Amino acid sequence: MANSFSKEERVAFENILEGFNDALVLSRNVSIYNTDMSMMERTGNVIWRPMPYIMQSYTGTDMTANFKDQTQLSVPSTIGYQKSVPWIMSATELRDALQEGRLGDAAKQRLASDINVAVLSVASLQGTLVVPINAAAGKYDDVALCDAAMNEIGVPMENRFLALSTRDYNGMAANLAAVTRSFGNAKSDNAYERSQVGMVAGFDTYKLDYAQRITGNTEAGRTISTLDAAGNYYIPKSVTTAATGETSNVDNRYQRVTLDSTTNVRAGDCFTIANVNSVHHITKLDTGQLKTFRVISVDSSTQVTISPPIISNQVPNDASAQYQNCVVNVKASNSAIVFRNSATRPINCFWHRDAMELLPGRYAVPNDAGASVMRGTTDQGIELVMQKQYDINNMKTRYRLDTLFGVVMKQPEMAGVLLFNG
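Fair warning: this is a prediction, and the values are worked out from it, not measured in the lab.

Draft legend 1. Seen up close, the packing of aromatic side chains. With the rule as written, the count across this model stands at six aromatic pairs. Taken together, a centroid distance of 6.0 Å and an interplanar angle of 35° make the contact between Phe161 and Trp351 tilted. Placement of Phe161 in strand 6 (residues 160-165) and of Trp351 in strand 20 (residues 348-352) is noted, with a sequence separation of 190 residues between them. Here the aromatic rings of Phe203 and Phe350 are separated by 5.9 Å at their centres, their planes lie at 80°, and the arrangement is edge-to-face. Of this pair, Phe203 sits in strand 8 (residues 203-208) while Phe350 sits in strand 20, and the two are 147 residues apart along the sequence.

Here's what the structure looks like:
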């Protein structure tokens with residue numbers, strides 16, 4: 001016969017779920033996509049999600065030559081995070097309800113942290129807008145540069161978020177407390193009393209008690225060809241066709257490119273290419289700012305995978321014209337690469353809500369297999385499963401708290417990193 005939960009345990013689980021929901025701070029600020037669990041199991045927990053369309057406009061009344069096929073881009077989204085917190089309590093330990101509550105709280109905090117860390121890691125490692133600051137954090141102008149980087153390429157101006165490491169966040173709060181200090185001013189008072197920054201330059205800001213770190217790279221002399229040759233630019237496509245005739249979706253967030261050498265190049269590095277500027281994604285106008293890229297992986301002594309791809313439309317193509325993200329103003333066989341992460345520092349990440357998606361998952365745990373099972377779902381759709389099983393041999397009770405989810409960077413050019421002291 002299956003164990004049953006006492007009323008005290010049910011109340012405890014309800015409190016755990018409530019606290020778990022409250023602790024999901026960063027994950028509240030990304031899009032949520034709920035999937036059909038049967039379908040996900042059949043597809044290996046992978047679903048392809050569409051990226052936003054970008055359409056072109058033309059001048060005049062005669063559109064005869066302008067009716068063209070449109071290319072839909074998509075990215076693979078995986079429910080791949082399986083997080084669990086197990087523990088054991090003896091028959092004597094169970095007499096202490098306070099101790100039981102502390103363990104539940106700790107388990108809840110750990111799982112909430114796992115989800116927040118997953119969101120933070122994806123934003124920190126895959127965001128491609130890079131804003132390096134040569135000084136310590138402390139000015140409105142620093143965040144305003146992130147705002148400018150997004151505005152210039154057409155990222156929507158609402159639902160923007162910025163997560164700062166503790167020291168960088170406090171540095172900005174110190175600036176508010178010192179420069180605008182006039183007690184009775186809520187912004188200044190909150191900065192002085194609580195180290196609270198609030199909204200800055202259109203970003204809702206959050207303080208992190210943990211942050212990814214990026215390793216500094218001062219390597220000079222790396223080059224890349226920007227000539228009109230295959231491999232030096234990227235043409236987006238929705239599907240690829242194998243020699244057998246089978247078609248499969250294409251992940252257009254990445255491109256493998258060839259450098260003169262990958263010596264001292266690391267995954268996570270941020271860089272610009274000489275004379276390659278970003279463009280507004282809708283108007284295709286040159287922003288006058290160098291386009292920033294991230295190294296996703298180092299694949300050989302000369303090849304790396306980067307994000308975003310170099311969609312320059314330098315050899316005109318309908319799909320490239322649709323999704324063009326940069327312009328090559330001077331083409332060369334040895335365009336200089338400049339790394340922008342010159343110092344080892346915490347990564348402060350910023351993003352638009354639609355840049356990332358959180359995919360809640362669900363376990364099909366049987367209720368009649370010898371263990372008691374309780375389920376609860378947060379307002380984001382994240383399911384928490386609590387199980388309990390008693391062992392008569394040693395009078396110990398096993399508990400476990402589980403959650404299943406996925407996080408995907410759907411549009412890397414709607415997210416980025418802010419690096420201080422670089």
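Draft legend 2. Fine view of the pairing of strand 21 (residues 356-360). Strand 21 sits mainly inside the fold: five of its five residues count as buried. Neither face of strand 21 is left uncovered, since the one carrying Met356, Leu358 and Pro360 and the one carrying Glu357 and Leu359 both have all their residues buried. In the sheet, strand 1 (residues 31-32) pairs with strand 21 via two bridges, with the strands oriented parallel. By the bridge assignment for strand 21, Ser31 is matched with Glu357. Here five bridges tie strand 21 to strand 24 (residues 396-409), and the two strands are oriented antiparallel to one another. Among the inter-strand pairings, Pro360 is bridged to a residue of strand 24, identified as Phe405.

Draft legend 3. Expanded view of the sheet that holds strand 8. Spatially, six strands are ordered 5-25-20-6-8-7 in an open sheet, and the strand pairing comes out mixed. Of all strands in the sheet, those with a lone pairing partner are strand 5 (129-132) and strand 7 (199-200), marking the two edges. In this sheet, strand 25 (residues 415-419) lies alongside strand 20 in antiparallel orientation, the contact comprising four bridges. Across the sheet, residue Asn348 finds its bridge partner in strand 25, namely Leu418. Here helix 4 (residues 140-153) sits on the sheet and contacts strand 5, strand 6, strand 7, strand 8, strand 20 and strand 25; the angle it forms with strand 5, its principal contact strand, is near 155°.

Draft legend 4. Structural detail: the nonpolar core. Among the nonpolar cores identified, the biggest contains 56 residues, and Phe350, Trp351, Met356, Leu401 and Leu418 are the most heavily contacted of them. Here this core takes nine residues from helix 3 (residues 97-126), the largest share from any one element. Every residue in contact with Phe350, bar those within four places of it in the chain, is listed here: Leu129, Val131, Cys146, Met150, Phe161, Leu162, Phe203, Ala415, Gly416, Val417 and Leu418. Formed by 16 residues, the second largest nonpolar core is a distinct cluster that contains Ile273, Val276, Phe293 and Ile310.

Draft legend 5. Representation of helix 4. Look at helix 4: 21 Å from first C-alpha to last across 14 residues, which is about the 20 Å you get at 1.5 Å a residue. Burial in helix 4 covers these residues: Asp142, Val143, Ala144, Cys146, Ala149, Met150 and Ile153. Gly154 occupies a position one or two residues after helix 4 and carries a positive phi of about 95°.

Cut-offs used in this document
- Residues numbered from 1 in each chain as written.
- Predicted model: local features only at pLDDT ≥ 70, side-chain atom pairs only at ≥ 80, totals over all residues.
- Heavy atoms only, no water.
- Phe/Tyr/Trp six-rings, centres within 6.5 Å; stacked < 30°, edge-to-face > 60°.
- Helix = DSSP H or I, 4+ residues; strand = E, 2+ residues; numbered from the N terminus.
- Buried < 20%, exposed > 50% of the residue type's maximum accessible area, 1.4 Å probe, protein only.
- Pairing = 2+ DSSP bridges.
- Contact = heavy atoms within 4.5 Å.
- Axes fitted to C-alpha atoms, helices over the stretch in contact; angles between N-to-C directions.
- Core = buried A, V, L, I, M, F, W, Y, C linked by side-chain atoms within 4.5 Å.
- Expected span 1.5 Å × (residues − 1).

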